[in-house]
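Notes for the structure review
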2 protein chains.
Amino acid sequence: MKINRYLPIFLIVTCAFVVSAQQPSTPKLNLMPVPASITFHNERLAVDSNFRVATRGHSDARLQAAIWRFMKRLEGRTVLTLDSALAPDDQMTPLIVQTAGPGKNIPGLGEDESYRIDITRRQAILSAPTVIGAIRGLETVLQLLDADRNGYFLPGVQIDDRPRFPWRGLMIDVARHFQTMEVLKRNLDGMAAMKMNVFHWHLSEDQGFRVESKKFPKLHQLGSDGNYFTQEQVKEIIAYASDRGIRVVPEFDIPGHSTSWLVGYPELGSAPGPYTIERRPGIFEPALDPTREEVYKFLDTFLGEMAALFPDDYLHIGGDENEGKQWDRNPAIQAYMKKNGIKDNHALQAYFNTRLLKILQKHKKKMIGWDEILQPGLPNDVVIHSWRGTAALAEAARKGYDGILSNGYYIDLIQPASQHYVPDPLPADSTLTPEEAKHVLGGEATMWAEWVTPETIDSRIWPRTAAIAERLWSPRTVTDVPDMYRRLAVISLQLEELGLTHKRNQEMMLRRLVRNDDIGPLRTLVSVIEPVKEYRRYQQRPQTMLSPLTGVIDAALPDSETGRKFQWMVSEFLNDGPRFQLYHAELKQMLGDWQTAGASLNPVIDRSPALKEIKPLAQNLSQLGATGMEALTYLKLGMPPPREWREQSLAKVDEATKPYGALEFVVVAGVKQLVNAAAEVKQ
Amino acid sequence: MKINRYLPIFLIVTCAFVVSAQQPSTPKLNLMPVPASITFHNERLAVDSNFRVATRGHSDARLQAAIWRFMKRLEGRTVLTLDSALAPDDQMTPLIVQTAGPGKNIPGLGEDESYRIDITRRQAILSAPTVIGAIRGLETVLQLLDADRNGYFLPGVQIDDRPRFPWRGLMIDVARHFQTMEVLKRNLDGMAAMKMNVFHWHLSEDQGFRVESKKFPKLHQLGSDGNYFTQEQVKEIIAYASDRGIRVVPEFDIPGHSTSWLVGYPELGSAPGPYTIERRPGIFEPALDPTREEVYKFLDTFLGEMAALFPDDYLHIGGDENEGKQWDRNPAIQAYMKKNGIKDNHALQAYFNTRLLKILQKHKKKMIGWDEILQPGLPNDVVIHSWRGTAALAEAARKGYDGILSNGYYIDLIQPASQHYVPDPLPADSTLTPEEAKHVLGGEATMWAEWVTPETIDSRIWPRTAAIAERLWSPRTVTDVPDMYRRLAVISLQLEELGLTHKRNQEMMLRRLVRNDDIGPLRTLVSVIEPVKEYRRYQQRPQTMLSPLTGVIDAALPDSETGRKFQWMVSEFLNDGPRFQLYHAELKQMLGDWQTAGASLNPVIDRSPALKEIKPLAQNLSQLGATGMEALTYLKLGMPPPREWREQSLAKVDEATKPYGALEFVVVAGVKQLVNAAAEVKQ
């Protein structure tokens, strides 16, 4: 927005006051997630080329590596050459990192991640009971960095911080579309920046088996098109995550979602096969046969191998969306059920899970699975991963099951951050007792990978996942959506410093589509459209797992910033706010751009057949611009439009609600508001 | 340039004619490097969702992988879902890849890389004697892809192509700044797209030792800060390169440039040590001691290990820039020289090289080294790598030495592509006999890495290296600079499809500097400045190898497109060409933008201390804009300026020639031309 172009985003607070979790919106720091408590002093600590760090108390390789990375990122932002070696612990050292001990450092739940930051004009002290707490605090210090014409500085604050939930995860499905080591590492960096602590690695699916098995090599050899992680690479990722205080929980989804297993080992299936890797999205029939001992023998060996490879206490067994159609058709399975009094497929899957649980217990792993695994008779020491919602989670908690929430956090569905910001694993109106509430461990954002490649995945994860990270870390009362978006815009830039590509890849993709550098008109269109939400993409624009994800829909981003800006300006303009004149000028500029861009796109589309699918959108962009401009003119002049104008204009606006290329406008409501307001103008 | 915004870059040639190497500028194909010969037919082969490939004759895993990658890139550009599995070889299959055999497939020189492409309205046939020839031809087919409103198509052409030189390399220094696997892989893809065939891997330097040695682990453990390639990773890179028809020639630079070796093994040095990894740029004293048998024993073991790891016939031993100062000061070395009649340090290094040559011969490697290794008595079977120039190369060739050229191809020096385009390993005026000329094998672009990180290195390599690739592949007569730049602009976009980041990272870097999304004014400034050339960066803005490379100088690109465009418009405008009016409008717009951007930058700089160093540039940008605008006005109105105007204006323009932050304007000459022309206006 032009009016804010040169206003400092970060406003310096000039008097000291305390912000508790109950009044989180006052200070304009760009902290995300918002810490549990902040106190401001009216002073600052300069960050110049003398900036150094010392450790106090415990120190170890992981802490030192974290400090090194911290210094390199600080250098990157300030373009200052700093001495990144540890300084002596004295009163002259700008930042002291004081750590009580290494922490439990266990590969499971329950590490103390709290920290305190105290910044005065002389020194900053970050203190934490554990190395992970210190690592969390270093991220906050980086977010505190600010600058003005006198140089870079850290504002005088005292921060006391700790997470609300102990399980704050991101699931990445590397099975439907394979993702590279590079993708995982930069996303682990992004997670650490947002203080997330669980990387849930969805490693197998109908569409691919993505980890090397030395015991059953046909799993990865025949189930992956050659795209899998070697065990060495798995270890590298686990070490990389551990360095950042992130646990790695692997998922092997069974008994359904298992086509890729059966390509190499059809004898495990409930139908004879042969099987080929699934290329479509959806729910498929292949399922392991829960009635055969060989299957459990296989799983014992395989999960034993994986249990040794992945040190975390938890192992996710999926368990979702098995409809049991293969079971229904298999006479041997039916006979087994009859013989053993297993009354239906739910009961059969419960039997399978009970056997699986024993195998996991033997290999010292706690079992976690999706909602469906919660069947009568399931022992209490499993974790329910809820895609169904908080009610299911609360019900499980009442029964004594630990649980985590993913309902509402499905970032693949292209919903805005504001929508993901609302669901709370433990909402204000929860009726759980404090004891029951302890079973609610947190939640996970889920990046299902039907429609993402290494080129686009970051833009589907970030920055929206930061809003979910905040929900899981910050006090429950931190719910101010405009303030969240204000901070998210800043955080989004910082995330790209870590190698993430959610912003920078878009123009590259537009250049490829346009086939030259002149992407202006297409960029204008793309800034006001979004991919269709939920599961409508495939319905409207079917593709396979082998299709190119290089279309306009792939370049378009979720949660359009321009869309939000437009809507806000329309409201302010119509409400006759103090900046009415300014917003009028801005809106006029924007609507004019749409008119021009829509027209300019025609020759662009003519030379790029891949753009043909958006031709109606270009037409509608012009229409929206022209209609909005007319409304703006009537409103500005205080001149009533002709009688039939409202109806005709609304018809044009309605036309623009139709999606094309599985893309839809996000500015229709605002234009409609302008039209309706203009139609009310009286002589 | 706005005037060309919607003109198709690729003009369809509607009549059949032949273009030999003697008249290469006529057809507007975007082929790079330009092939040896092209014939056009007036027809086209449609590329739609039925596009498939069949092989004919020889087929193997490498060819099939290349076809798979070809299909995926074709899909990426067209957003068509194609069947990438091999089709049957029949008349209905759109592309036949006909390969005579696997080729010698040796890890050395001399593979036949020729191919022929024949495209009619029915079918395209790519035929080649070897798999590598077919791989080269597939890149040409991708470059031929064009489109109009009827869809994607391949133009009807017959192309006969083969390289002019057999050694067309890119050297990447991974020692001064470490580069990741990802960086190397995407650059290998870029090389393959430009038909380059040698990746020269500069693996050791004073500032770092970058490969795992199992024989002497302290080399990488103490000499690399933990940043080195494991032997598994080396194998992965070699396989990746080989898949793309690229040889991998490792370099271990000795006896100088070896500080990092001596950190772990000080006993190899010519002074007692201890040594630490060098952090500065420059030439340093540490050198191996050529008078001690233990040194040769060490080298025998180490080079034996590396010879087994790197399958290529050649191994580069550096040999450059050893000034022998440690040798001068070491009494034992001086005594040895006296005793053995070694008269000076040149002779001592020649002795060292002779010993080294024997070791390499024992391990079945051919020795290659920089100019300095060419000393009297050196056997003929070594290759001279010339940083000195074509004269040195010709001299070596006369003496019977093979040689490659890098003088003129130092892409780290930030010179424009037009400058790198000129040097020819075998220039037109060469006086070498045909027999002698065969010793000139080709050349290499050299990416010395004092000032590049994984974030910026691509922008220092691409797209300029494509011009060097063309020099080494295309007929000698292909020298049309404007046509080269026309094609380079298109090729540059295509290179980013391979994951290269030379364009996309710039705005990310500007956002980090500005600390928000409003990078407009800074982008305008950066578009008309370049980093200072040759070795002036360090002189004007000294940094160490540990400094952040995130400043404006790092975001600024070599070979400014805007600068070339401005200069060209000024010429056309002043020459009163047919588009005089249009260029006037364009120039007015551009000069106006400079005025505004220069002023707008002040508040941006105030909140971003990292930008302070460019404050005078912002001021000068406004001045250049204002002065140019005045000149434009006088010229347009045909009104003579006041008498003192020329002098005052030229003084302002001269002020803008001063570099700040090691950055300089590239539009000064054009503004000066405008001023001088305006000053000549008569009443």
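Remember, predicted model here, so these are calculated numbers, not experimental data.

What counts, and where the lines are drawn
- Residues numbered from 1 in each chain as written.
- Chains lettered and ligands numbered in written order.
- Predicted model: local features only at pLDDT ≥ 70, side-chain atom pairs only at ≥ 80, totals over all residues.
- Heavy atoms only, no water.
- Helix = DSSP H or I, 4+ residues; strand = E, 2+ residues; numbered from the N terminus.
- Rg over C-alpha atoms; globule rule 2.2 N^0.38 Å.
- Buried < 20%, exposed > 50% of the residue type's maximum accessible area, 1.4 Å probe, protein only.
- Contact = heavy atoms within 4.5 Å.
- Areas by Shrake-Rupley, 256 points an atom, 1.4 Å probe, with all protein chains shown as cover.
- Lys, Arg positive; Asp, Glu negative; His and termini not counted.
- Charge placed at Lys NZ, Arg CZ, Asp CG, Glu CD.
- Expected span 1.5 Å × (residues − 1).
- Core = buried A, V, L, I, M, F, W, Y, C linked by side-chain atoms within 4.5 Å.
- Phe/Tyr/Trp six-rings, centres within 6.5 Å; stacked < 30°, edge-to-face > 60°.
- Buried area = accessible area lost by both parts, 1.4 Å probe.
- Salt bridge = Lys/Arg side-chain N within 4 Å of Asp/Glu carboxyl O.
- Polar contact = N/O pair within 3.5 Å; in protein donor to acceptor, adjacent residues only side chain to side chain.
- Nonpolar A, V, L, I, M, F, W, Y, C, P; charged D, E, K, R; others polar.
- pLDDT = per-residue confidence, 0-100.
- Least-squares fit on C-alpha atoms with pLDDT ≥ 70 in both.

1. Topic: the overall build of chain A
If you tally the helices and strands in chain A, you get 25 helices and 20 strands. Here chain A has a C-alpha radius of gyration of 27 Å; the compact-globule value for 683 residues is 26 Å, and the two agree. For chain A, the proportion of its 683 residues judged to be buried stands at 61%. Partitioning the contacts of chain A with sequence separation of at least 6, the portion at a separation of at least 24 is 75%. For chain A, the computed accessible surface area is about 24900 Å², with 53% contributed by carbon and sulfur atoms. Distance between charge centroids for chain A: 1 Å, based on 80 positive and 83 negative side chains.

2. Quick notes on helix 2 (residues 131-144) of chain B
For helix 2 of chain B, spanning 14 residues, the distance from its first C-alpha to its last is 20 Å, which sits close to the expected 20 Å at 1.5 Å a residue. Along helix 2 of chain B, 14 of the 14 residues are buried, which leaves the element largely enclosed by surrounding structure.

3. Observations regarding the nonpolar core
Within the largest apolar cluster, 96 residues are counted, with the highest numbers of intra-cluster contacts made by Met194(A), Phe199(A), Trp201(A), Phe252(A), Leu299(A), Phe302(A) and Phe310(A). Among the elements that take part in this core, helix 7 (residues 293-309) of chain A stands out by supplying 8 residues, more than any other. Counting residues in each nonpolar core, the second largest holds 95 residues, with Ile172(B), Ala193(B), Leu472(B) and Leu495(B) among its members.

4. Re the packing of aromatic side chains
All told, the structure shown has 52 aromatic pairs over all chains when counted by the stated rule. Relative to Phe310(A), the ring of Phe252(A) lies with its centre 6.4 Å away and its plane at 70°, an arrangement referred to as edge-to-face. Note that Phe252(A) is positioned in the loop between strand 13 (247-251) and helix 6 (259-264) and Phe310(A) in the loop between helix 7 and strand 14 (314-316), a separation of 58 residues in sequence. Like Phe252(A), the residue Phe310(A) is buried in the burial classification. Plain terms: the ring middles of Trp167(B) and Tyr314(B) are 5.2 Å apart, the flat faces sit at 85° to each other, and that makes the pair edge-to-face. Taken together, the residues Trp167(B) in strand 9 (residues 167-173) and Tyr314(B) in strand 14 (residues 314-316) connect sequence positions 147 residues apart.

5. With respect to unusual backbone geometry
Between Met32(A) and Pro33(A) the backbone carries a cis peptide bond, its omega angle lying at -5°. Relative to the assigned elements, Pro33(A) resides in the loop between strand 1 (18-19) and strand 2 (37-47). In the Ramachandran plot, Glu321(B) falls in the positive-phi region, its phi being about 50° despite a non-glycine side chain. Here Glu321(B) shows up in the loop between strand 14 and helix 8 (325-329). One non-glycine residue, Lys364(B), adopts positive backbone phi at about 60°. Take Lys364(B): it is sitting in the loop between helix 10 (345-362) and strand 15 (366-370). The exposure class of Lys364(B) is exposed, given its relative accessible area of 70%.

6. Thoughts on the interface of chain B and chain A
Across the contact, 52 residues belong to chain B and 52 residues belong to chain A. Here chain B packs against chain A, burying approximately 4800 Å² in sum over the two surfaces, 53% of which is carbon and sulfur. At the boundary of chain B and chain A, one finds 8 salt bridges. One salt bridge connects Arg149(B) with Asp606(A), and the closest N-O pair in it is separated by 2.9 Å. Taken together, chain B and chain A are joined by 19 residue pairs in polar contact (both at pLDDT 80 or more). Of all elements in the fold, only helix 1 (61-78), strand 7 (146-148), strand 8 (151-161), helix 16 (481-496), helix 17 (504-514) and helix 22 (580-606) of chain B reach the threshold of two or more residues within the side of chain B that touches chain A. Of all the elements, helix 17 of chain B adds the most residues to the side of chain B that touches chain A, at 7 residues. Among the residues forming the side of chain B that touches chain A, the class breakdown is 18 nonpolar, 11 polar and 23 charged.

7. Side note on the confidence of the model for chain A
Note: predicted coordinates in regions of low pLDDT should not be interpreted at a detailed level. Residues and elements named next belong to chain A. Of the residues in chain A, 96% reach a pLDDT of 70 or more, and the chain-wide mean stands at 94. Every residue in residues 1-27 scores below 50 in pLDDT, and together they form 61 contacts with partners more than four places removed in sequence or on other chains. Reported confidences for the modelled complex are a pTM of 0.95 and an ipTM of 0.94.

8. Details of the pattern of salt bridges
Residues and elements named next belong to chain B. Within this structure, the stated rule accounts for 101 salt bridges over all chains. A salt bridge links Arg280 to Glu278, with the nearest nitrogen and oxygen atoms 2.7 Å apart. Of the residues examined, Arg280 reaches a relative accessible area of 45% and is grouped as partly exposed. The class for Glu278 is buried, based on a relative accessible area of 11%.

9. Some points on the environment of Met71(B)
Residue and element names in this part refer to chain B. Along the chain, Met71 falls in helix 1. Residues Met71 and Leu635 lie 564 residues apart in sequence; the distance between their C-alpha atoms is 54 Å. Discounting chain neighbours no more than four positions away, the residues touching Met71 are Phe51, Arg52, Val53, Leu82, Asp83 and Ser84.

10. A closer look at helix 3 (residues 181-193) of chain A
Residue and element names in this part refer to chain A. Between its terminal C-alpha atoms helix 3 stretches 18 Å, which fits the 18 Å expected from 13 residues at 1.5 Å a residue. Those residues of helix 3 that sit buried are Met181, Val183, Leu184, Arg186, Asn187, Leu188, Asp189, Gly190, Met191, Ala192 and Ala193. Where helix 3 ends, the next residue or the one after it, Lys195, has phi of about 60°, a positive value.

11. Describing the relation of the copies chain B and chain A
Overlaying chain B with chain A gives an RMSD of 0.0 Å, the required rotation being 180° about an axis along which the chain moves by 0.0 Å. Taken together, the rotation angle and the small translation identify this as a two-fold axis. No C-alpha of chain B approaches the rotation axis more nearly than that of Arg504(B), which lies at 2.8 Å. Both copies contact each other with a shared surface, as 100% of the interface residues of chain B are interface residues in chain A too.

12. Description of the side chain of Asn505(A)
Position of Asn505(A) relative to the elements: it lies in helix 17 (residues 504-514). The class for Asn505(A) is buried, based on a relative accessible area of 4%. If we ignore the near neighbours within four places in the chain, the residues touching Asn505(A) are Glu455(A) and Arg504(B).

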